[in-house]
Structures are given as structure tokens and as C-alpha cells.
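# Structure at a glance
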Amino acid sequence: MGKKTTVTEGNLVIVESPAKAKTIEKFLGKGFLVKSSYGHIRDLSKSDFGVDINNNYQPDYIVSSDKKEVVKELKQLAKKAEVVWIASDEDREGEAIAWHLYETLELKPENTRRIVFHEITKDAIQKAVENPRAIDENLVNAQQARRVLDRLVGFELSPVLWRKVKPSLSAGRVQSVAVRLIVDREREVFAFKPTSSYRVTAQFEVTDDKGYVRELKAELNRRFDTLEETRAFVEKCGDAQFLVSQIEKKPMKKSPAAPFTTSTLQQEASRKLGYSVSQTMSVAQKLYEAGKITYMRTDSVNLSDLALNMASTQITEKMGAEYVKIRKYKTKAKGAQEAHEAIRPTYLDKETVSGSAQEKKLYELIWKRTIASQMSDAQLEKTVIHINAGDAKEKFMATGEVIKFDGFLKVYIESTDSEGEQDDSQGVLLPPMAEGDVLAMQHVEARQRWSQKPARYTEASLVRKLEELGIGRPSTYAPTISTIQNRGYVEKEDRDGKQRSYQHLWLENGKSLVESEKTEISGAERSKLFPTDIGMVVNDFLVKYFDNIVSFDFTAKVEKEFDDVALGKVEWSKSIDDFYKPFHIKVEETLEVSEKSTGERILGVDPASGKQISVRIGRFGPLAQIGVSSEDEDAEKPRFASLRKGLHLETITIEEALDLFKLPRTLGEFEGKVVVIGIGRFGPYIRHDSKFVSLKKDVDDPFEIDLETSIERIKTKREEDLKKIIQLFDEEPDLQVLQGRWGPFIKFQKKNYKIPKDKNAEELSLEECKALIEAEDKKSPAKKGAKKTTAKKTSAKKTTTKKATTKKTTAKKTTAKKKPSTKSTK
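Reference entry: report on the structure contained in this document. Residue numbers here run from 1 along each chain, matching the order of that chain's written sequence. Totals for whole chains, interfaces and linings use every residue, but because this is a predicted model, local features are given only for residues with pLDDT of at least 70 and side-chain atom pairs only at 80 or more, for both listing and counting. Think of the side-chain values as coming from all heavy atoms in the structure, minus any hydrogens and water.

### Some details on the overall build of the chain
Secondary structure follows DSSP: runs of H or I at least 4 residues long count as helices, runs of E at least 2 residues long count as strands, and numbering of each begins at the N terminus. Counting its secondary structure elements, the chain contains 20 helices and 30 strands. Each principal axis of the C-alpha distribution contributes one length, and for the chain these read about 90 × 85 × 65 Å. Scored against the burial criterion, the 826 residues of the chain give a buried share of 47%. Here, residues are in contact when the closest pair of their heavy atoms is within 4.5 Å. The long-range fraction of contacts in the chain, counting pairs at least 24 apart against all pairs at least 6 apart in sequence, stands at 72%. A 1.4 Å probe and the Shrake-Rupley method give the accessible areas. Residues count as covered only by the protein chains that appear here. With an accessible surface of roughly 42800 Å², the chain has 49% of that area assigned to carbon and sulfur atoms. We call a residue buried when its accessible area falls under 20% of the maximum for its residue type, exposed when it is over 50%, and partly exposed in between, using a 1.4 Å probe and counting protein chains only.

### Focus on the packing of aromatic side chains
The pairing test for Phe, Tyr and Trp rings, Trp by its six-membered ring, is centres within 6.5 Å, and the orientation test on the planes gives stacked under 30 degrees, edge-to-face over 60, and tilted for anything in between. All told, the structure shown has 17 aromatic pairs when counted by the stated rule. Relative to Y580, the ring of Y57 has its centre 5.9 Å away and its plane inclined at 75°; by these criteria the two rings are edge-to-face. Taken together, the residues span a long stretch of sequence, with Y57 in the loop between β4 (51–52) and β5 (58–59) and Y580 in helix α16 (residues 572–593) at a distance of 523 residues. Comparing Y57 with Y580 shows no difference in burial state: the two are buried. Ring geometry for F541 and Y545: centres 4.9 Å apart, planes at 45°, overall tilted. One end of the pair is F541 and the other is Y545, both in helix α14 (residues 533–545) and four residues apart, which spans about a single turn. Here F541 falls in the buried class, since its relative accessible area comes to 2%. A relative accessible area of 14% means that Y545 is categorised as buried. Cluster of aromatic residues (ring-pair linked, three or more members): Y57, F546, F554, F579, Y580 and F583. Consider the ring centre and the ring normal. A charge sits over the ring if Lys NZ or Arg CZ is within 6 Å of that centre and within 35 degrees of that normal. Over the aromatic face of W99 sits the side chain of R42, whose NZ or CZ is 5.6 Å from the ring centroid. It is K272 that lies over the ring of Y412; its NZ or CZ is 4.7 Å from the centre.

### Observations concerning the sheet that holds strand β21 (residues 621–626)
When DSSP locates at least two bridges between a pair of strands, those strands are taken to pair. The strand order β19-β20-β21-β22 describes an open sheet built from four strands, whose pairing is antiparallel. Taken across any chain shown, the strands that pair with only one partner, and hence form the sheet edges, are β19 (601–605) and β22 (639–642). On average, adjacent strands in this sheet sit at an angle of 25° to one another, irrespective of strand direction. Axis lines are fitted to C-alpha atoms, over the contacting stretch for helices. Their N-to-C directions set the angle, which ranges from 0 to 180 degrees.

### Here's the deal with the packing of helix α12 (residues 459–469) against helix α13 (residues 477–486)
Where α12 meets α13, the closest approach of the two axes is 11 Å, and the angle between their N-to-C directions is 120°. Judged by the inter-axis angle, α12 sits oblique to α13. α13 is crossed by α12, and the crossing has right-handed handedness. Across the interface between the two elements, E459, L462, V463, L466 and E467 of α12 pack against Y477, I481, I484 and Q485 of α13. An angle below 35 degrees is read as roughly parallel, one above 145 as roughly antiparallel, one from 65 to 115 as roughly perpendicular, and any other as oblique. Left-handed describes a crossing whose near helix is turned anticlockwise from the far helix through less than a right angle; right-handed describes the clockwise counterpart.

### Some remarks on the pairing of strand β2 (residues 32–36)
Burial of β2 is one-sided: the residues F32, V34 and S36 facing one way are buried, the residues L33 and K35 facing the other way are not. Tracing the backbone out of strand β1 (residues 11–15), into helix α1 (residues 18–28) and back to the parallel element β2 gives a crossover that is right-handed. Here a crossover is taken to be right-handed if, once the strands point away from the viewer, the path from the first strand over the helix to the second is traced clockwise.

### Points about the sheet that holds strand β29 (residues 743–748)
Ordered by their spatial adjacency, four strands build an open sheet running β27-β28-β29-β30, and the pairing between neighbours is antiparallel. With one partner strand each, in any of the chains shown, β27 (725–728) and β30 (751–754) form the two edges of the open sheet. Averaged over all pairs of adjacent strands, the angle between their axes in this sheet comes to 25°, without regard to strand direction.

### Let's talk about the pattern of salt bridges
Any Lys or Arg side-chain nitrogen found within 4 Å of a carboxyl oxygen on Asp or Glu counts as a salt bridge. In total, this model carries 57 salt bridges according to the counting rule given. A salt bridge links E16 to K20; the shortest N-O distance between them is 2.9 Å. Considered together, E16 and K20 belong to a single accessibility category, that of buried residues. Because the salt bridges share partners, they merge into one network encompassing E186, K453, R456, E525 and K528.

### Overview of the nonpolar core
Nonpolar cores are built from buried Ala, Val, Leu, Ile, Met, Phe, Trp, Tyr and Cys residues. Side-chain atoms within 4.5 Å join them into one set. In terms of nonpolar packing, the biggest core is built from 158 residues, with F117, L362 and F546 touching the most fellow members. Among the elements that make up this core, the one with the highest residue count is helix α5 (residues 137–164) (12 residues). Apart from the residues lying within four places of it in its own chain, the contact partners of F117 are K20, I24, A87, E90, A124, I125, A128 and Y288. Counting 29 residues, the second-largest nonpolar core is a separate cluster that includes A218, F233, F242 and L505.

### Focus on the packing of helix α6 (residues 173–191) against α12
At a minimum axis distance of 11 Å, the contact between α6 and α12 shows a crossing angle of 115°. For the crossing formed where α6 meets α12, the hand is right-handed. Of the residues in α12, those touching α6 at A178, L181 and I182 are L462, K465, L466 and L469. Amino acids outside the nonpolar list (Ala, Val, Leu, Ile, Met, Phe, Trp, Tyr, Cys, Pro) and the charged list (Asp, Glu, Lys, Arg) are all regarded as polar, and Gly is one of them. When its residues are assigned to classes, the contact of α6 with α12 shows six nonpolar, no polar and one charged.

### Structural notes on a negative patch on the surface
What goes into a patch is any residue over 30% in relative accessible area without a salt bridge, connected to like charges within 9 Å or, for nonpolar side chains (Val, Leu, Ile, Met, Phe, Trp, Tyr), within 5 Å. We score Asp and Glu as negative and Lys and Arg as positive, and we do not count His or the chain ends. In plain terms, the charge of a residue is placed at NZ if it is Lys, CZ if Arg, CG if Asp and CD if Glu. A cluster of like negative charges, contributed by D730, E731, E767 and E768, occupies part of the molecular surface. Of note, E767 is situated in helix α19 (residues 766–797). The exposed category is assigned to E767, whose relative accessible area is 58%.

### Things to note about the side chain of S573
Here S573 is to be found in helix α16. By relative accessible area, which is 3% here, S573 ends up buried. Here S573 is in contact with N56 and Y57, once residues within four sequence places are set aside.

Okay, here's the thing in C-alpha cells:
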């Protein structure tokens, strides 16, 4: 621990973000200059893995091109400063940023201080300045180990996927496990066979002690398997006497949930506010940097004594002393990279804050959860009424749950991810009655119901599952979920339910049984994660050849090793070595022995041609194929058709596949030109006069759209294109000034050219447009050269990993030091 330091002139404070810098500068005042590094200033080189495998896995770090100016400025400021304070976040990633700053800026131990705080308040900042500490080399090594391991896995596995599955694919350690969870669940859904049963409910009339007639709803304590059994029971109810045989009253209590961790905040913001995981973290980051909440990457549920006292005061003032119950929660996670506290408001007396609508909603959620965690249990009374139906052995049960003392429920109720039929007894006040009372039946109803398929993952439930399995840490959940979607392995989307028929029985008092068949919409999905066909094929390949990489237990074990590195129990390079050597051998074996994997399924024979029909992953995605590919140039070429949205390699039928070959469809003529409907790489389209118009998503079916609707779409597209035109030139018909998604641009001979921001697109002359085109064309040779170089590098990476590894013996230009200096910040 360094000596206590007072505020002096010539202090440079470095943080990760400009927003955080702005907030901190307000608290430090004169004598302190606060600057931002804008996140990480350097990363692993992209040549030869960026890791020297033959030199104890030492990383080769380089300053990224977009940070060179930032580093230059910080270096200049650091040389002039009397003291440099590195105030990056206190987790592993923040510690790594601090170390990279120390190394890159060539700071000196005698005038460098490392400070940390988990909330941006004046007291917390001042306390941190008074108590600087050393850079924690264990935390740095834990982050370094994660980065190195993930680079090795990605750079070695991706070329295998390029050769054995499809070009341009990539694989990651934690991401592949997340995809496996989603694929496994999807296959459970595919394999699920619903079973039906009959739910019987009844409504009775009860006269209360004031003479008012009240309704009482009850459900039979058994579900019948067949329509015949159900019909027989309901018919019996027509003549049955309904008698209250037993009344049970049980006191209950409910306790509040712990304050938010990163994981629980992501889950609850998803359920209550509809935020994605990445959206939640982005909004929480803004709240933290503005000094409104504590640090948002934590797996701790602990609250400081100061926070507990603030909570007690607020609850007492707003609701009364009887609502206060101070609780100290314990963190279940082991080997934490956690910050000191749960996520909470920095000032609990502020129930709301200024900011965007999203920030306000998330802050209020955090405030309510924090306050509720220190409130009394809710006291409830559950009442269950047993009702005999004549001499039947089954009984109707009426359930009610009454709140006697609301406690924490006055502020907050935790949401769940449960699907299917919900318990609606909470808050139901049952009419007063006594055992032996006879009830008047109004009606009895029976509905055919089905067992629920396994629930697909939402982002929130996937985070909970990853945490439950010990996979990933607070800082990795959001990027993991974003990455698997960005790579096209998983899609988050809504899907409409399908109509199904069910049997319905209705018996009113004194009337005959009415039996009918009704319809309902079932199976709708909202914001669920679905694996794509390519995601499933890649997953199957990895499970087959790299089972340990996608093993839940193994991935959790690696995370535990990172935790041990952070605690100083394990040397990071040894941990990498234990994993990498057998993994690299497996990569080499797989390149030699594995076959190309395309997820091919042979569906049968095309009745028209007698040729085989199959489905598989092609160059541009999943497709159906009639015929077999042959190397014989004289052989008839196979026919191909892209799979439509909603069709999958594993479930498509031969009939659905044959339908795909009904396209392209010729609908007729418009303006003397043929109108054709087809499906291409980017979805279904209309082709007319050598131009393409996309069909309306979820509205137009390419197999059913008619000529009249197609003409409407063509005309609409023309109108939209006209609105994009800013200027046309009669002297140069090929040159257009257009409005694009990112602003105006010039289009000339099928090429696009930028218009500088200081130019008015509407006022550009033809000569000015040509000058802009000429100026940009002069730059193009350099660009082409750069592209060729990149292509060569990419091509080189596709060679076997063994060749790439041989190169590692060459000397590194800027190999990182083996250990981060601990002298630097004392």
C-alpha cells in the first residue's frame, strides 16, 4: 500500500472513458487533470496468433492504430505531471488496462499511483486518492490468461472450420458453449411430443354473511387423459351436490431477493423492461460513469454499512420502522473477480434520477431492488377450500392468497422466466364459508390442454444458465451473447404461434352438456434465441472433434483456473500450457482425419426426375439440392434452391423441399417486361426489367403473391428510389447525387463516392462532382494494394496450424514482459 497522498498541483488522472473522466474531474477540482484512454490502448498482434508459443506463451502487444494519438497525448501529459494516477475499473479488465497504461506510457514507479473505487462519489474518490495501491499482478495475469487462451482457441479452430465446414466461420471458447446450450435446447424442442389432458374447472355461487352473492372459482385436483373420462365426470356434475369438505389456512412468508449482481440485473431488466443484455450493460455503464450507481460488473450481493444505514433511514422515513429488516447477503460465487458491493444507487435518498428514459427506468429498478432487499418479509395467508362433487373421488380446489402485511412487496416483486399456466391465486380474496356448506354450481367447464415443450432460451435465461454452470464471469455475459448473434450462429426473434383445435365441454346448471371443437393460437415465441442451421452444423462438428472445448464441465474448470490465477494460486502460463498442447495435437489430427461437414440430409427422390433430393449448408447458407454433384463436366448439373425462413435442415420435409423448386415463378408482363418471383441469397424478390425488388417481410409469400401485388411493389420501390435522388445531370446520365442511409453520396459507373460534410449535396455542380470522384480515385491504388496484402495474410492463415506454429521461433518485435511490475504503483 502506498503512502497517503494529498491533492497537489500537476496531477494527471487516467480513466477508461470520457464520461467517467468528466464526473471524476468535478470531484477532484483544481490541480487534477483527468483524461481518458478510451478503453484498452493495446491488444494482441494479429500476426502469428499474437502469442509466442515457444516462449512461455508471451503475448505480443501492439498499440491499436486508433489509439496512437491518444497514447501520444497521454505520454506527453505524463512526462509533465508530478504524479500520474491510474484510475481504471477495479475488475480484471480494469487492472489489465492499468498495467498496459503503465507499460506503454513508460511510467515511473516513484510518481505513479494505482487507485480504485466502486462508486464515483466525492468521498469514494478522495478515499482512493488517500489510499493508492499496487497494480495487482494476479488480476492482470488472470485477464491475460483469458485473452491468450481465447486467441489461441479462435486462431486455431477458425481455419479448421473454414476447411471442414464453410469459409469465413469463426469459433470461440465460451461462445461455442453458449451456442451448444441453445442447440441442445432446440433439439429438445424438435424431439418433444406433446401429450394432452383435460383440465376441469367450476364456478359456484356463495352467499356471504351480508347476503351478497359472490362467485367462487375452483379447479379439479385431477386431469383426465381421455375425452370419454372427462365427459363422464362432467355429466355426473349435473346431478351432483357440491359440499365444502375442508378449509385449510396456512400462514406464509415471502422474503426479498438479494441486491443486484451483474447477472441478476441483466435477467430482471430483460424480464421487466425488455432490455437486451448488452443494452442493460450499456445503460448501466452510463449510470455508473455519471456517479449514479456503483460498479456494474460484480458477482457480489454485499452492501456496505453506509448503504445499509442509508436504506434503513429511507425505509423508516417513507414507510415506517416496521418495514425495516437489515440483511447481509452472502455471495455464492467462488473465487470472485467481484467488486466490493452489489449494484446499488450511490445515494439511496434519490428515488429517481435525470437522464434518458432508459437510464431512468433502469435506475428505478436498481433503487427498488436495493431498498426491498432491506425490508421486512411479506406475511401472507393461503386458504385452500376442498369441495366434494357428489360421490366422485376427485375434488374441486379453490385457492386464495391474501396479504396480511405487504413488507417488501410494497416496493418490489421479482419476475420469473416461467412459461405456461400461471398460478393466479395471489391476491384472490375468497368469500367466507364453513365446512359443510352446500354450494350452488353455475357451470362446469373442461378444456383440452397440452404438456409444455421445453422453453427456448431468452437472453436472460441463458445468462442464468451460464452462471449456474460456472461458465463466464460478470464481464463476459453480454459480449458472449452479442458475439454468437453477430456471427450468425444464433438469432433472437419473435415467432408467431400456430392455430390448433381443442375439445371443449360446457355444462350449465340445469342444462344439457354442450360439447364442441374450438381453436386457439399456441406456441408464440417472444425474444427467444434460435440456433441457425450453420450454428447447428458448426456445433455438431465441434462436439464431434473438440468435445472438451464445448464441454460445460471443462469450460467451467477453465473459468475456475482463471479465478485461481487471480488469487495467485496458479501460474498463468502453466495453465495455458496444460490446455494448449493437447488441444493443438487435436487440431492437427482433425485437419488430417475429419471429413467435410455440411449437415447434409438425404430426403428422398424427386418424383419428376428420379434424382436424389437433399439439403445441406452451401457457400451462401442452407439449400436444397436435386441431383448429385459430379466431377464429370458432361454430367447434368444439380439444381439448387435456398431454404426459406422457417425451414431447417433437421426438420424440412421432402414436400417442403420440392416446393422450393417451384421458383422462379413467371407471373406475367408489366410495361412489356416479364415479372418473375424468385428467392436469392438475401431472400425472396421480384425481378422486372433487370431490376430487383424485395418482397415485404412477413407479408408477401413468394409462392402465392400475384401479378397485381407485384406491380404495386415495383411502383412503390420506384417512388422510394425517386426520393433518394438529390441531383441528376443531363450531360452525364451515369452520374447521380443520391441520399443514402449514412448521408448523401455520388454514384458514378456503379461506384459510390463520399461527399465531404462541408459540401452541400444539393448545390454541387457537375464539375465539383467530377473533382470529388477524381480525388477519391487517386487514393484507390493504395487501397487496392492494402487489400491485396490483407488477402495474402488471410490466405496464409488458412495453412495448417503446424506451419503457423513453426513460424513462432522467429524473434518477436515487442514481446510483453513476463510479469507485470508490482513496483510501478507503490
